[in-house]
Amino acid sequence: MEYADLLIENHGKVVVVRLNRPKAMNALNDNMMNELGEALRKFDKDPAINVIVLTGSEKAFAAGADIAAMANYDYQETYGNNYIGRNWEHILDIRKPVIGVVSGYCLGGGCELAMMCDFLIAADSAKFGQPEIKVGVTPGAGGTQRLPRAISKSKAMDMLLTTRMIDALEAERTGLVSRVYPAAEVMEESIKIAQGIAEMPVSVAMQIKDCVNQAYETTLSQGVAYERRYFHAGFGTPAQKEGMSAFLEKRKPDFEGL
Ligand code: CAA
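Each residue is numbered by its place in its chain's sequence as written, counting from 1. Where totals are concerned, whole chains, interfaces and linings use all residues; where local detail is concerned, this predicted model gives features only for residues with pLDDT of at least 70, and gives and counts side-chain atom pairs only at 80 or more. Hydrogens and water are ignored here; the side-chain numbers use all heavy atoms of the structure.

Under the annotation held in an unreviewed UniProt entry, the protein chain carries the name enoyl-CoA hydratase and is attributed to Massilia aurea. Heading Function (unreviewed entry) of the UniProt record for the protein chain holds this comment: "Could possibly oxidize fatty acids using specific components." According to its UniProt record, the protein chain has this under Sequence similarities (unreviewed entry): "Belongs to the enoyl-CoA hydratase/isomerase family." UniProt positions are given in the numbering used here, feature names are shortened, and annotations may be inferred rather than shown by experiment.

Set out below in structure tokens:
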């Protein structure tokens, strides 16, 4: 299927979903968010896909929500028609791993969307910021909630109140991103990482994602109990039989379809 604001590339069991509104620095509008939700849900159901990579362009992952589109919104349009809630958070329902790859600007709603990915890989050109205060609003897609959890209250308040952007190295140092690569190599390296994950049993990858997400919603003991149920249930699955037999037989496991 063709999308107006997304480009799709297939790399075996990995699909790359690229935000594509180059004239507006990938500013996130309703059409793009509708298409993104649709594409992510489609690939989540596709048995040929194990891992989704979400990225933007070399210049911008996304420079935020589309200011031109929302400048004239009123309370009825935002609250009444559930702006943001209506189409930004489909990514949170995706059960397969979603890796965000960030080059260039990753600002406002762009940074919030990136933080909804399971983990982030950055190009050395990446710049992260939450400049919403400068356009007279609070963040609206979780910036005040996910950023302090990712990088500490002090760093998050600094970014949110001063609009200071942090570069890729500061983002890695503070834990917002997991790895940094030179801009020219970041996609190739990220696809290799995604393909490595895609060789693992996708069912277990989905369970790990579900467990880690529980860590943000429950107490420690409830989270550990949640994990333990998956661990015990794992002993009734072909992935566990194949993984442990392959180890004992000193061969590479074959998790195809598992
Ligand atoms: N919305 C709409 N259009 C945007 C945009 C945005 N968030 N960001 C950039 N653009 C557009 C510009 O208007 C410009 O369009 P024209 O060529 O038609 O004038 C084009 O993209 C290129 O941008 P610049 O000329 O500004 O490029 P630059 O290199 O000088 O600056 C930038 C780049 C620092 C990213 C700057 O564009 C900028 O500050 N953008 C806005 C960032 C921002 O405030 N984001 C937060 C939005 S609010 C939000 O996201 C709410 C939420 O929490 C959900």
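(A) Broad picture of the domain arrangement of the protein chain. Domain delimitation in this document rests on an assignment produced automatically or drawn from a domain database. Partitioning the protein chain into structural domains gives domain 1 (6-198) and domain 2 (202-248). If you average the C-alpha positions of domain 1 and of domain 2, the two centres end up 27 Å apart. The criterion used for residue contact is that any of the two residues' heavy atoms lie within 4.5 Å. Of the residues lining the interface, 8 residues belong to domain 1; the matching set on domain 2 comes to 5 residues. As a working definition, buried area equals the accessible area (1.4 Å probe) given up by two parts on being put together, with both sides summed. Together, the buried faces of domain 1 and domain 2 total about 630 Å²; carbon and sulfur atoms form 61% of this surface. Looking at the side of domain 1 facing domain 2, the largest losses of area belong to Arg 95, Asp 118 and Arg 149, adding up to 54% of the total buried there. By salt bridge we mean one thing: a side-chain nitrogen of Lys or Arg within 4 Å of a carboxyl oxygen of Asp or Glu. Between domain 1 and domain 2 we count 1 salt bridge in total. Taking the shortest distance from any N to any O, the salt bridge between Asp 118 and Lys 209 comes out at 2.9 Å. Between N or O atoms, a polar contact is any pair within 3.5 Å; within protein, one atom must be a potential hydrogen donor and the other a potential acceptor, and residues adjacent in sequence are included only when both atoms are from side chains. Our enumeration of links across domain 1 and domain 2 arrives at 3 residue pairs in polar contact (both at pLDDT 80 or more). Residue classes in the side of domain 1 that touches domain 2 are distributed as 3 nonpolar, 1 polar and 4 charged. When residue character is reported, Ala, Val, Leu, Ile, Met, Phe, Trp, Tyr, Cys and Pro are called nonpolar, Asp, Glu, Lys and Arg charged, and the others, Gly included, polar.

(B) Examining the packing of helix α9 (residues 202-214) against helix α10 (residues 220-234) more closely. To define axes, lines are fitted to C-alpha atoms, for helices over the stretch in contact only, and angles between the resulting N-to-C directions are given on a 0 to 180 degree scale. Helix and strand assignments come from DSSP, with helices taken as H or I runs of at least 4 residues and strands as E runs of at least 2, each series counted from the N terminus. Running from N to C, α9 and α10 point in directions that differ by 170°, and their axes come no closer than 9 Å. The angle between α9 and α10 places the two elements in the roughly antiparallel class. Residues Gln 207, Asp 210, Cys 211 and Gln 214 of α9 form the contact with α10, whose participating residues are Tyr 226, Glu 227 and Tyr 230. Class assignment of the residues belonging to the contact of α9 with α10 gives a composition of 3 nonpolar, 2 polar and 2 charged. Here is the rule for angles: anything less than 35 degrees is roughly parallel, anything more than 145 is roughly antiparallel, 65 through 115 is roughly perpendicular, and the remaining ranges are oblique.

(C) A look at the nonpolar core. Of all hydrophobic cores here, the largest spans 47 residues; its most connected members are Leu 19, Leu 54 and Phe 128. Of the residues forming this core, the biggest block, 6 residues, is contributed by helix α1 (residues 30-45). Leu 54 has contacts with Val 17, Leu 19, Leu 36, Phe 61, Ile 91, Val 98, Ile 99, Gly 100, Val 101, Leu 113 and Cys 117, leaving out every residue within four places of it along the chain. Residues belong to a common nonpolar core when they are buried Ala, Val, Leu, Ile, Met, Phe, Trp, Tyr or Cys residues joined through side-chain atoms within 4.5 Å. Any residue under 20% of the maximum accessible area for its type is buried, any over 50% is exposed, and the rest in between are partly exposed; the area is computed with a 1.4 Å probe on protein chains only. Val 53, Ile 99, Val 186 and Ala 194 belong to the second largest nonpolar core, which has 15 residues in total.

(D) Spotlight on helix α8 (residues 186-198). Take the residue count of a helix, subtract one, and multiply by 1.5 Å to get its expected span. Between its first and last C-alpha, α8 extends 18 Å over 13 residues, near the 18 Å set by a 1.5 Å rise per residue. For α8, the full list of buried residues reads Val 186, Met 187, Ser 190, Ile 191, Ile 193, Ala 194 and Ala 198. Along the axis of α8, the buried residues cluster in a sector spanning 160°; they form a single face. Buried positions along α8 lie against β1 (6-11), β2 (14-19), β3 (51-55), β5 (98-102), β7 (119-123) and β10 (179-181). The arc in question is traced by the directions running from the helix axis to the C-beta atoms.

(E) How the structure looks around the sheet that holds β3. Here, a strand pair is defined by DSSP locating no fewer than two bridges between the strands. Taken in spatial order, the 6 strands line up as β1-β2-β3-β5-β7-β10 in an open sheet, and their pairing is mixed. Taken across any chain shown, the strands that pair with only one partner, and hence form the sheet edges, are β1 and β10. Across the sheet, the mean angle separating the axes of adjacent strands is 20° when strand polarity is ignored. Most of the contacts of α8 go to β7, to which it runs at about 155°, and overall it touches β1, β2, β3, β5, β7 and β10.

(F) Looking closely at the site of the ligand. Around the ligand, the surrounding shell holds 21 residues, and the nearest of these are Ala 65, Ile 67, Gly 109, Glu 112 and Glu 132. Here an oxygen atom of the ligand and a backbone polar atom of Ala 65 are 2.9 Å apart. Ile 67 places a main-chain nitrogen or oxygen 2.9 Å from a nitrogen atom of the ligand. Elements with a minimum of two residues in the shell around the ligand: α2 (67-70), β6 (105-107) and α4 (109-115). The residue makeup of the shell around the ligand, split by class, is 13 nonpolar, 4 polar and 4 charged. We call a residue near a molecule or strand as soon as one heavy atom of that residue lies within 4 Å of the molecule or strand.

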